[in-house]
Amino acid sequence: MSYKLFGHPRSRTFRVMWMLEELGQPYDQIPATPQSDDIKQVSALGKIPVLKDGEDAIRDSAAILTYLADKHGALTAKPGTIARAQQDAMTFRILDEVETQLWTAARHSFVLPEAERVPEIKETCKADYLRNVSAIMAEVEGPYLMGQDFTIPDILLTHLAGWALTAKFPEPPEAFAEYLKRTRARPGFKAARAKQDI
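None of the values given here were measured: they were computed from a predicted structure.

Core analysis: the biggest nonpolar cluster contains 44 residues, and M19, L68, I94, L145 and F176 have the highest contact counts within it. Only β1 (3-6), α1 (13-23), α3 (61-72), α4 (82-111), α5 (121-139), α6 (152-166), α7 (174-184) and α8 (187-194) provide two or more residues apiece to this core. Filtering out sequence-adjacent residues up to four positions away, L145 remains in contact with M90, I94, I136, M137, V140, P153, D154, L157 and Y179. Formed by 7 residues, the second largest nonpolar core is a distinct cluster that contains F6, I30, V42 and I48.

Another point: the packing of aromatic side chains. Applying the stated rule across the entire model yields 7 aromatic pairs. When the centroid spacing of 5.0 Å and the interplanar angle of 70° are considered together, the rings of W18 and F189 count as edge-to-face. With a gap of 171 residues between them, W18 in helix α1 and F189 in helix α8 connect regions that are remote in the sequence. There is no split in this pair, since W18 and F189 are both buried. Look at Y144 and F150: their rings are 5.4 Å apart centre to centre, the planes differ by 80°, and that puts the pair in the edge-to-face class.

In this section: the pairing of strand β3 (residues 50-53). Burial along β3 is two-sided: the residues V50 and K52 and L51 and D53 are all buried. With 3 bridges joining them, β1 and β3 adopt antiparallel strand pairing. Its bridge partner lying in β3, F6 is registered against V50. Looking at chain direction, β3 and strand β4 (residues 56-59) are connected through 4 bridges and run antiparallel. Looking across to β4, one finds that V50 is bridged to R59. From the end of β3 to the start of β4, which pair antiparallel, there are 2 residues, and G54 there has a positive phi angle of about 70°.

A few words on the packing of α4 against α5. For the pair α4 and α5, interaxial distance at closest approach is 9 Å and the crossing angle is 160°. When the axes of α4 and α5 are compared, the pair comes out roughly antiparallel. Crossing of α4 over α5 shows left-handed handedness. Seen from α4, the contacting residues are M90, R93, I94, E97, V98, Q101, L102, T104, A105, H108 and S109; seen from α5, they are I121, K122, C125, D128, Y129, N132, V133, A135, I136 and E139.

Before going further, it helps to spend a moment on a nonpolar patch on the surface. The grouping of W103, F110 and V111 at the surface amounts to a nonpolar patch, some 300 Å² of accessible area in total. Tracing the backbone shows W103 in helix α4. Among the residues examined, W103 registers a relative accessible area of 34% and is labelled partly exposed.

This next bit is on the sheet that holds β3. Whether parallel or antiparallel, the strands of a sheet pair through hydrogen bonds between backbone atoms. The strand order across the open sheet formed by 4 strands is β2-β1-β3-β4, and the pairing between neighbours is mixed. At either end of the open sheet lies a strand with only one pairing partner, and these are β2 (27-30) and β4. Geometrically, the sheet is characterised by an average inter-axis angle of 20° between neighbouring strands, direction not taken into account. With 4 bridges joining them, β1 and β2 adopt parallel strand pairing. Following the sheet pairing, Y3 is matched in β2 by Y27. Contacts between α1 and the sheet are confined to β1, β2 and β3, with β1 contributing the most and set at about 155° to the helix.

The rules behind the values
- Residues numbered from 1 in each chain as written.
- Predicted model: local features only at pLDDT ≥ 70, side-chain atom pairs only at ≥ 80, totals over all residues.
- Heavy atoms only, no water.
- Core = buried A, V, L, I, M, F, W, Y, C linked by side-chain atoms within 4.5 Å.
- Buried < 20%, exposed > 50% of the residue type's maximum accessible area, 1.4 Å probe, protein only.
- Helix = DSSP H or I, 4+ residues; strand = E, 2+ residues; numbered from the N terminus.
- Contact = heavy atoms within 4.5 Å.
- Phe/Tyr/Trp six-rings, centres within 6.5 Å; stacked < 30°, edge-to-face > 60°.
- Pairing = 2+ DSSP bridges.
- Axes fitted to C-alpha atoms, helices over the stretch in contact; angles between N-to-C directions.
- Parallel < 35°, antiparallel > 145°, perpendicular 65-115°, else oblique.
- Left-handed = near helix turned anticlockwise from the far one by under 90°.
- Patch = residues over 30% accessible without salt bridge, like charges linked within 9 Å, V, L, I, M, F, W, Y side chains within 5 Å.
- Areas by Shrake-Rupley, 256 points an atom, 1.4 Å probe, with all protein chains shown as cover.
- Salt bridge = Lys/Arg side-chain N within 4 Å of Asp/Glu carboxyl O.

This is the structure in structure tokens:
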């Protein structure tokens, strides 16, 4: 039985699509948008993405990636190891230091009611994004964030780089561009990208 993935491909849903392609797992894509009837059937909050595995629904893209990686024993260090703790630390760091900047800028651009927006905050978000990604790349010792192995943090950071480009955030150092060439060359990324316009 294949997974059911709810969420429009041009969103955080893409992360899960990429993971499933990397794992070679079949899935049915339901391109639901936030707060739509389709998504509210599987998520009371109306947020995307949602993954259904049988009758069970998993919400939050990072939680879904971790679940899939653990279940299929790929793209992750083994649970209960120092390597996994370090991987999780990188995952949380990316969500906290990189995604937060993009999401805050989006909220103050079009998500919040206009009266609640503070457009000036976007410049601070851009500066923090550049500083934080540059710091991450300065620590990378292998072709991927955790060294030789492609893992969950690579999916997250590469997806966020695309979001940053769309949002006209500054481009981080050359090392980041070289890193993105490697991650975007993966067959799983290309397969997921080909399905973005469904």
